Amino acid sequence: MIAYDPCAPLVKKRGGDPVSVAARAASLLVAFLVVVGLGIFVALYYIGGQSSLPTIHYAASGGQVNVVLQEDPQNNSSSKPDWVSYYVQDPSNNQWVHTTLFSVPAHTKVNVTIYGYDGCTPLRNNFFSQVQGTMGNTVTVSQFDQHGKEYVTDQTTSVINSWANCNVGHTFAIPGMNLYVPVASPNAQLSANNLCSSSPCTPSGNPYAKETFSFMSPVHGGDFRWQCLVPCGGGFLDGNGGPMATIGYMSGFMNVVSS
Amino acid sequence: MTTTQAAPEPRHGLRLFLIWIILALAADLIIWFVWYPHMPPGDMSTSAHHQQFDIAVLAVTGAPVVIFVILYFVYSLVIWRAKPGDDSDGEPIYGNIKVQASWIIGTTVIVLWLFVFGTVELAGPAGAGAGEGPSPIWTLAGTQSATWSPGGNIMLQVQVIGQQWTWTYRYPQFGGMESTQLMLPVDTPVTFHVTSLDVIHSFWAYQLGVKADANPQVDNVAYTTAKALGSVTVRCSELCGLWHGAMFNYGHVVNQTAFASWASGVQAKEQSDGVLAALPPYALTYDPTVIPQLGSALGTIDGITGASGFYYPPGDPVQP
């Protein structure tokens, strides 16, 4: 046991030649810059990176713009072909594009047409059976059978009750604009055996609903997210995973372009 | 022959104490008189007002502690740093009764003070705007009534419903009408019944100082009384999926007459549109599986035909 001796000389520090302050500071700076650089790389590459999805641009004509969408029970992607999905029609060639990104001019009347090829699914909150935020708070619905016969013609309504009659396939909602639109499905019994099975769907041989409504785009530009409120992500927690939580399927952005 | 005597050590303790007391006093005065009036979440409601007071008191309590730690650190670096060429170690320390006693007594007093203050401030303002679960032990005073009208200090019941990724609000005293807008009357005790239709969300009405988790099949109760007119930002404060960051909307505190007019108007419209009849009966937890309409025969509504469908149970969604 070594006794403490207050008179003993102070012990010299051990170790070799000390690293200079400048070298230590430089090492710290380099380490700091590496960490910050990695953080910025991850943020830019994974979060802020350019989307691979195309954006469909709609130009105004006569103060209006016509947006055309369809929702299908499947899609033509190679990775997730069984996911329910929206499509956007390119106005330049009328081709359906598998994307959920589109742009419209600011402060313009937007006329939307949605072709509903998917079958019905009750809303989790039937409150969204109510049409909100469109001009007149209504939509106009037509329904067709697989032979092209129009069995409901241009019915204008403010409610499509998804619980009473299972008429709602999905919804088109832009919460930031307080726009909530239930999208009609074709008749459930017709859908049961004749649902479109190849996307993008066409009216030929498939029952479908056609729904139209209008709203004014915001005065100022910006990105407005839109989504479906039907829990249509089959096989995922609460039905809200998968296509519901993936841009390009059941949610996307409406880019409002200010002039 | 002359001998050089080392200069006597200054009284470091006294020095530190004097510097500390001046800095701590200055910091506390700045916190209380300059920062406090601007502290979040403001004082738009009783719960927000209490939270603002609590944060100010905690800041005044904590600032002297923080200042002491930083002061001691800086003082040590400046006064007790090694001189050039001095590679020796410092003298060993074997204990100091005064320092140890001061530390134990000081920290005990601070912790006990925070415990008592925190408890009083949680109980006094009826939970301070936090969710208290389905059976709150601290309740807010107000007249319970099945209907609501201005001027009677009647407790307004508001059900807050979270779903991926939007909020809606249901008012049982107005026929169970539902809205995407949170409207509240000023100077009125409000009970929020916070719930969810799917995953866990969290209702955070920032300016009202109300924050309560929204759990499926749970009625999480929170109270407040709005004391000023204005807008309220409602955010989800529980990571809930892709659009969690966009899950917000705005509410408004209006005068009691304007609120009654708005609520009655929405109720009348939803009644005439058939929306009220389409909603499940009001319950403290929002159970969308109660769908009396399902199973009915093929029917029509507004000329649009359909057929009976089925509801996707939350735990087992399936695609038709």
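Analysis parameters
Residues numbered from 1 in each chain as written. Chains lettered and ligands numbered in written order. Predicted model: local features only at pLDDT ≥ 70, side-chain atom pairs only at ≥ 80, totals over all residues. Helix = DSSP H or I, 4+ residues; strand = E, 2+ residues; numbered from the N terminus. Buried ≥ 20, exposed ≤ 12 C-beta atoms within 10 Å, placed from the backbone. Contact = placed C-beta atoms within 7 Å. Pairing = 2+ DSSP bridges. Axes fitted to C-alpha atoms, helices over the stretch in contact; angles between N-to-C directions. Core = buried A, V, L, I, M, F, W, Y, C linked by C-beta atoms within 7 Å. Domains from an automatic or database assignment. Nonpolar A, V, L, I, M, F, W, Y, C, P; charged D, E, K, R; others polar. Left-handed = near helix turned anticlockwise from the far one by under 90°. pLDDT = per-residue confidence, 0-100. Expected span 1.5 Å × (residues − 1). Bend = angle between axes of the 7 residues up to and from the residue. Parallel < 35°, antiparallel > 145°, perpendicular 65-115°, else oblique. Arc of directions from axis to C-beta.

1. Details of the overall build of chain A
Tallying secondary structure elements over chain A gives two helices and 13 strands in all. Across the 259 residues that make up chain A, the buried fraction comes to 45%. Contacts spanning at least 24 positions in sequence make up 70% of the contacts within chain A whose residues lie at least 6 apart.

2. Observations concerning the overall build of chain B
Within chain B, the secondary structure is distributed over five helices and 12 strands. Here chain B, with 320 residues, has 32% of them falling under the buried criterion. The contacts in chain B between residues at least 6 apart in sequence include a share of 67% that link residues at least 24 apart.

3. With respect to the sheet that holds strand β5 (residues 189-196) of chain B
Residues and elements named next belong to chain B. Taken together, five strands build an open sheet; the order of strands is β3-β2-β1-β5-β8 and the sheet is mixed. Of all strands in the sheet, those with a lone pairing partner are β3 (177-179) and β8 (220-225), marking the two edges. Looking at each pair of strands side by side, their axes are set apart by 25 degrees on average, direction ignored. Bridging between strand β1 (residues 156-163) and β5 involves seven bridges; their strand directions are parallel. Counted as the bridge partner of Q157 is T191 from β5.

4. Description of the nonpolar core
Ranked by size, the top nonpolar core spans 103 residues in total, and within it V67(A), V181(A), V160(B), F192(B) and F203(B) carry the most contacts. Those residues in contact with V67(A) that sit more than four places away from it in its chain are Y58(A), F102(A), V104(A), V110(A) and V112(A). Formed by six residues, the second largest nonpolar core is a distinct cluster that contains W165(B), V199(B), C240(B) and M247(B).

5. A word on the domain arrangement of chain B
All names here are of chain B. Taken domain by domain, chain B consists of domain 1 (12-79 + 99-124) and domain 2 (156-278). Here the C-alpha centre of domain 2 lies 36 Å away from the C-alpha centre of domain 1. At the junction of the two partners, domain 1 supplies eight residues and domain 2 supplies 11 residues. Class assignment for the residues of the side of domain 1 that touches domain 2 results in three nonpolar, five polar and no charged.

6. Points about the packing of helix α1 (residues 12-35) of chain B against helix α2 (residues 46-79) of chain B
All names here are of chain B. Packing of α1 against α2 brings their axes to within 9 Å, and their N-to-C directions diverge by 145 degrees. The two elements α1 and α2 meet at a crossing, and its hand is right-handed. Contacts from L16, I19, W20, L23, A24, A27, D28, I31 and W32 in α1 reach A56, A59, V60, A63, P64, I67, F68, L71, Y72 and Y75 in α2. For the contact of α1 with α2, the per-class residue count stands at 18 nonpolar, no polar and one charged.

7. Some details on the pairing of strand β2 (residues 64-72) of chain A
Regular strands place their side chains on alternate faces of the sheet. All names here are of chain A. Of all nine residues in β2, seven are buried; the element is thus mostly enclosed. Sheet analysis places β2 next to strand β6 (residues 109-116), joined by eight bridges and oriented parallel. Note that in β6 the partner of V68 across the bridge is T113. Where β2 and strand β3 (residues 85-89) come together, four bridges link them in antiparallel fashion. Residue pairing in the sheet places D72 in a bridge with S85 of β3.

8. Notes on the sheet that holds strand β8 (residues 150-157) of chain A
All names here are of chain A. Taken in spatial order, the seven strands make up an open sheet running β4-β3-β2-β6-β11-β7-β8, and their pairing is mixed. At either margin of the open sheet sits one strand with a lone partner, and together these are β4 (96-97) and β8. Where strand β7 (residues 139-144) meets strand β11 (residues 208-216), five bridges bridge the pair, whose relative direction is antiparallel. Paired with T140 across the bridge in β11 is T212.

9. Notes on the domain arrangement of chain A
Examined at the domain level, chain A breaks down into domain 1 (18-49) and domain 2 (55-257). Put simply, the middle of domain 1 of chain A and the middle of domain 2 of chain A, counted by C-alpha atoms, are 47 Å apart.

10. Looking at the environment of V111(B)
All names here are of chain B. Within the fold, V111 resides in helix α3 (residues 97-123). Using a count of 10 C-beta atoms within 10 Å as the deciding quantity, one classes V111 as exposed. With 29 residues separating them along the chain, V111 and A82 place their C-alpha atoms 36 Å apart.

11. Let's talk about the confidence of the model for chain A
A low pLDDT score tells you not to read the predicted coordinates there in detail. For chain A, per-residue confidence averages 86 on the pLDDT scale, and residues scoring 70 or more make up 88% of the total. Averaged pLDDT values over the elements of chain A bottom out at 67 in helix α2 (residues 188-194) of chain A and peak at 96 in strand β5 (residues 101-105) of chain A.

12. Regarding α2(B)
Residues and elements named next belong to chain B. Taking 1.5 Å per residue, 34 residues should reach 50 Å; α2 reaches 49 Å between its end C-alpha atoms and fits that length. In the structure, α2 departs most strongly from a straight axis at G62, where the bend amounts to approximately 30 degrees and where the proline P64 lies between one and four residues downstream. Buried residues belonging to α2 abut α1, α3, β7 (210-214) and β8.

13. Things to note about the packing of α2(B) against α3(B)
Residue and element names in this part refer to chain B. Here α2 crosses α3 at 175 degrees, and the two axes come no closer than 11 Å. On the basis of the axis angle, α2 is roughly antiparallel to α3. Residues H50, D54, V57 and T61 of α2 form the contact with α3, whose participating residues are I110, L114, F117 and E121. Tallied by class, residues from the contact of α2 with α3 come to four nonpolar, two polar and two charged.

14. Section: helix α4 (residues 256-273) of chain B
All names here are of chain B. Its 18 residues place the ends of α4 26 Å apart at the C-alpha level, agreeing with the 26 Å of an ideal helix rising 1.5 Å per residue. Looking only at α4, the buried set comprises F259, A263, V266, Q267 and E270. Taken down its axis, α4 places every buried residue within 100 degrees of arc, on the same side. Those residues of α4 that are exposed and aimed more than 90 degrees away from the buried face are T257, G265 and S272. For α4, the secondary structure elements touched by its buried residues are β2 (166-171), β3, β4 (182-185), β10 (248-254) and α5 (275-278). Positive backbone phi, approximately 90 degrees, marks G274, located one or two places after α4.

15. Remarks on the environment of T140(A)
Residue and element names in this part refer to chain A. Its location among the elements puts T140 in strand β7. T140 sits in the partly exposed class, given 18 other C-beta atoms within 10 Å. Along the backbone, T140 and F213 are 73 residues apart, and their C-alpha atoms lie at a distance of 6.5 Å. What T140 contacts, discounting residues up to four positions off in sequence, is D154, Q155, T156, E211 and T212.

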